[in-house]
Amino acid sequence: MSSCHVDLSVLRRVMTALTSRCSPLDAIAMNDCKLDDKYVKEIASFFKDKPEMAPKKLSLDNNRITDVGCSFLFELICNNDCKFEEISLRKIPRIGLHGIFSIVSASASRKDHLKKFCFTLRDVVRTDRDLREFVEIFSAHPDYLPNDLKFE
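Residues numbered from 1 in each chain as written. Predicted model: local features only at pLDDT ≥ 70, side-chain atom pairs only at ≥ 80, totals over all residues. Heavy atoms only, no water.

With respect to the overall build of the protein chain
Here's step 1: Scanning the protein chain for helices and strands turns up six helices and five strands.
Here's step 2: Listing each helix as α and each strand as β along the protein chain from the N terminus yields α-β-α-β-α-β-α-β-α-α-β.
Here's step 3: Against the globule reference of 15 Å for 152 residues, the protein chain gives a C-alpha radius of gyration of 15 Å, in line with a compact fold.
Here's step 4: Expressed as lengths along the three principal axes of its C-alpha atoms, the size of the protein chain is roughly 45 × 30 × 20 Å.
Here's step 5: For the protein chain, the residues scored as buried account for 47% of the 152 residues in total.
Here's step 6: Sequence-distant contacts in the protein chain: of pairs separated by 6 or more residues, those separated by 24 or more amount to 86%.
Here's step 7: When the accessible surface of the protein chain is totalled, it reaches about 7800 Å², and 51% of it is carbon and sulfur.
Here's step 8: Of the side chains in the protein chain, 24 bear a positive and 23 a negative charge, and the two mean positions are spaced by 4 Å. (Helix = DSSP H or I, 4+ residues; strand = E, 2+ residues; numbered from the N terminus. Rg over C-alpha atoms; globule rule 2.2 N^0.38 Å. Buried < 20%, exposed > 50% of the residue type's maximum accessible area, 1.4 Å probe, protein only. Contact = heavy atoms within 4.5 Å. Areas by Shrake-Rupley, 256 points an atom, 1.4 Å probe, with all protein chains shown as cover. Lys, Arg positive; Asp, Glu negative; His and termini not counted. Charge placed at Lys NZ, Arg CZ, Asp CG, Glu CD.)

As structure tokens, this is what we get:
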């Protein structure tokens with residue numbers, strides 16, 4: 001579903017069809033679809049109800065997600081039985097350091113629920129203050145560092 005605009009009713013129909021399958025998909029990619037936090041909440045609610053249907057890879061690159069959307073993913077990873085091999089949130093300039101850290105800390109606390117988290121560092125670290133905070137957070141928690149940092 002890359003590079004398309006999807007309204008919530010279409011997303012609900014797609015997610016219902018996907019979660020009614022007999023086995024989960026290997027990957028769901030909704031890149032460049034102009035998704036915002038309400039879409040992430042909707043996606044998370046489907047997998048919260050059927051955690052066994054969560055895909056191995058969830059890619060939401062280049063969308064309009066903020067720290068609020070990250071909090072829905074945090075909930076999905078921490079408080080449910082959803083297990084992902086990879087979540088990708090690359091090229092999303094509206095996500096801040098706290099949103100990224102919430103997902104990274106969720107994966108650190110539930111290591112078997114998220115193996116790889118990808119994001120674009122340039123989108124998260126915009127100022128010297130952001131850089132200091134990034135270094136401070138991850139120096140205190142080096143085991144939280146994601147496996148993949150994309151520098152652009």
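Read on, since the account is not over.
Overview of the packing of helix α3 (residues 67-79) against helix α4 (residues 97-109)
Here's step 1: Where α3 meets α4, the closest approach of the two axes is 8 Å, and the angle between their N-to-C directions is 5°. On the basis of their axis angle, the class for α3 and α4 is roughly parallel. On α4, the residues that touch Asp67, Cys70, Ser71, Leu73, Phe74, Ile77 and Cys78 of α3 are His98, Gly99, Ile100, Ser102, Ile103, Ser105, Ala106, Ser107 and Ser109.
Here's step 2: Of the residues assigned to the contact of α3 with α4, the class counts are eight nonpolar, seven polar and one charged. (Axes fitted to C-alpha atoms, helices over the stretch in contact; angles between N-to-C directions. Parallel < 35°, antiparallel > 145°, perpendicular 65-115°, else oblique. Nonpolar A, V, L, I, M, F, W, Y, C, P; charged D, E, K, R; others polar.)

Details of the nonpolar core
Considering soluble globular proteins, one finds that nonpolar side chains tend to be buried as a cluster.
Here's step 1: Counting 43 residues, the largest nonpolar core has Met30, Leu60, Ile87, Leu89 and Phe117 as its most contacted members.
Here's step 2: Those elements giving two or more residues to this core turn out to be α1 (8-19), α2 (37-49), α3, β3 (84-89), α4, β4 (114-120), α5 (121-124) and α6 (128-140).
Here's step 3: With six residues, α2 is the single largest residue contributor to this core.
Here's step 4: Those residues in contact with leucine 60 that sit more than four places away from it in its chain are Met30, Asn31, Leu35, Val40, Ile43, Ile65, Ser88, Leu89 and Ile92. (Core = buried A, V, L, I, M, F, W, Y, C linked by side-chain atoms within 4.5 Å.)

Remarks on the packing of aromatic side chains
Here's step 1: The final tally for this structure, using the stated rule, is one aromatic pair.
Here's step 2: A centroid spacing of 5.5 Å and a plane angle of 35° characterise the contact between phenylalanine 117 and phenylalanine 119, whose relative ring orientation is tilted.
Here's step 3: Residue phenylalanine 117 is classed as buried on the basis of its relative accessible area, which comes to 3%.
Here's step 4: Look at phenylalanine 119 and you get buried, because its relative accessible area is 0%. (Phe/Tyr/Trp six-rings, centres within 6.5 Å; stacked < 30°, edge-to-face > 60°.)

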